[in-house]
Structures are given as C-alpha cells and as structure tokens.
Amino acid sequence: MSPEYYLILAAALFTIGAVGVLVRRNSIVVFMCVELMLNAGNLTLVTFARTSGTIDGQVMAFFVMAVAAAEVVVGLAIIMAIYRSRRSASVDDANLLKA
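Remember, predicted model here, so these are calculated numbers, not experimental data.

Across its full length, the protein carries three helices and zero strands. Mapped from its N terminus to its C terminus, the protein presents α and β elements in the order α-α-α. Against the 2.2 N^0.38 benchmark of 13 Å for 99 residues, the protein shows a C-alpha radius of gyration of 16 Å, more extended than a compact globule. Across its three principal directions, the C-alpha atoms of the protein cover 50 × 25 × 20 Å. Within the protein, the fraction of its 99 residues that count as buried is 19%. Pairs at least 24 apart in sequence give 51% of the contacts found in the protein among residues at least 6 apart. Summing over all exposed atoms, the protein offers an accessible surface of approximately 6,800 Å²; the carbon and sulfur share of this is 71%. One finds the centroid of the 7 positive side-chain charges in the protein at a distance of 13 Å from the centroid of its 6 negative side-chain charges.

In structure tokens form, the structure reads like this:
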C-alpha cells in the first residue's frame, strides 16, 4: 500500500477528532476525541518513518503515547473531581476550577 492511503486515513481521523472536540459537550467524549487526534498524529509519524526508512518517527510516536497516557491520568482525575461536585460531565462545568 502506498503512504498516501495512510495519510488520508490519518487526516480523516484527525478531522473526526477535531469536529468532536468542537461540537460535543460531554467531557469524556471530548477527551476521547483528543486521543483520536493524537493517534492520527502517531499514524502520520509512523507513516513518514516507514517511507524514509528510519526509526525516528516511531520513537516520536512512542513518546507521544507516553505523554498521552499521562494526560489520561490527569484529565480523568479532573473530570472525576468535577463529576463528584456537580454530578455532570459537561464541559461547561469546568469553570468550577476557577480560583
């Protein structure tokens, strides 16, 4: 398969994730869309690494996955704190974190 197919798939996944972030109000769904966008970026990195014959893109994709795992832990903790206080997972309830 040519790399163009992978890049088209990555662009489609990134677009779906971006639309989900902009349209949805549930913070869990928004969080999943951000992860979808990160995975689209990883697919692009791995595609370019494969076409160039180096391992650099795969290493960068590995670090992106490590950062995404840390993001999931912190993000879900914030979402759970908001849910416990308001019984809602809406993005609009994030203003509770203001000082």
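What follows picks up the thread again.
This paragraph deals with a nonpolar patch on the surface. Taken together, the side chains of I55, V59, F62, F63 and M65 present a nonpolar region at the surface, about 530 Å² in accessible area. For F62, the location among the structural elements is in helix 3 (residues 56-86).

What follows deals with the packing of helix 1 (residues 3-23) against helix 2 (residues 27-52). Where helix 1 meets helix 2, the axes come as close as 8 Å, and the angle between the chain directions of the two elements is 165°. As the angle between them shows, helix 1 and helix 2 are arranged roughly antiparallel. The interaxial crossing formed by helix 1 with helix 2 has left-handed handedness. Residues P3, Y6, L7, L9, A10, L13, F14, I16, G17, A18, G20 and V21 of helix 1 lie in contact with helix 2, whose contacting residues are V30, C33, V34, L36, M37, A40, L43, T44, T47, F48 and T51. Split into classes, the residues belonging to the contact of helix 1 with helix 2 amount to 18 nonpolar, five polar and no charged.

Calculation notes
- Residues numbered from 1 in each chain as written.
- Predicted model: local features only at pLDDT ≥ 70, side-chain atom pairs only at ≥ 80, totals over all residues.
- Heavy atoms only, no water.
- Helix = DSSP H or I, 4+ residues; strand = E, 2+ residues; numbered from the N terminus.
- Rg over C-alpha atoms; globule rule 2.2 N^0.38 Å.
- Buried < 20%, exposed > 50% of the residue type's maximum accessible area, 1.4 Å probe, protein only.
- Contact = heavy atoms within 4.5 Å.
- Areas by Shrake-Rupley, 256 points an atom, 1.4 Å probe, with all protein chains shown as cover.
- Lys, Arg positive; Asp, Glu negative; His and termini not counted.
- Charge placed at Lys NZ, Arg CZ, Asp CG, Glu CD.
- Patch = residues over 30% accessible without salt bridge, like charges linked within 9 Å, V, L, I, M, F, W, Y side chains within 5 Å.
- Salt bridge = Lys/Arg side-chain N within 4 Å of Asp/Glu carboxyl O.
- Axes fitted to C-alpha atoms, helices over the stretch in contact; angles between N-to-C directions.
- Parallel < 35°, antiparallel > 145°, perpendicular 65-115°, else oblique.
- Left-handed = near helix turned anticlockwise from the far one by under 90°.
- Nonpolar A, V, L, I, M, F, W, Y, C, P; charged D, E, K, R; others polar.

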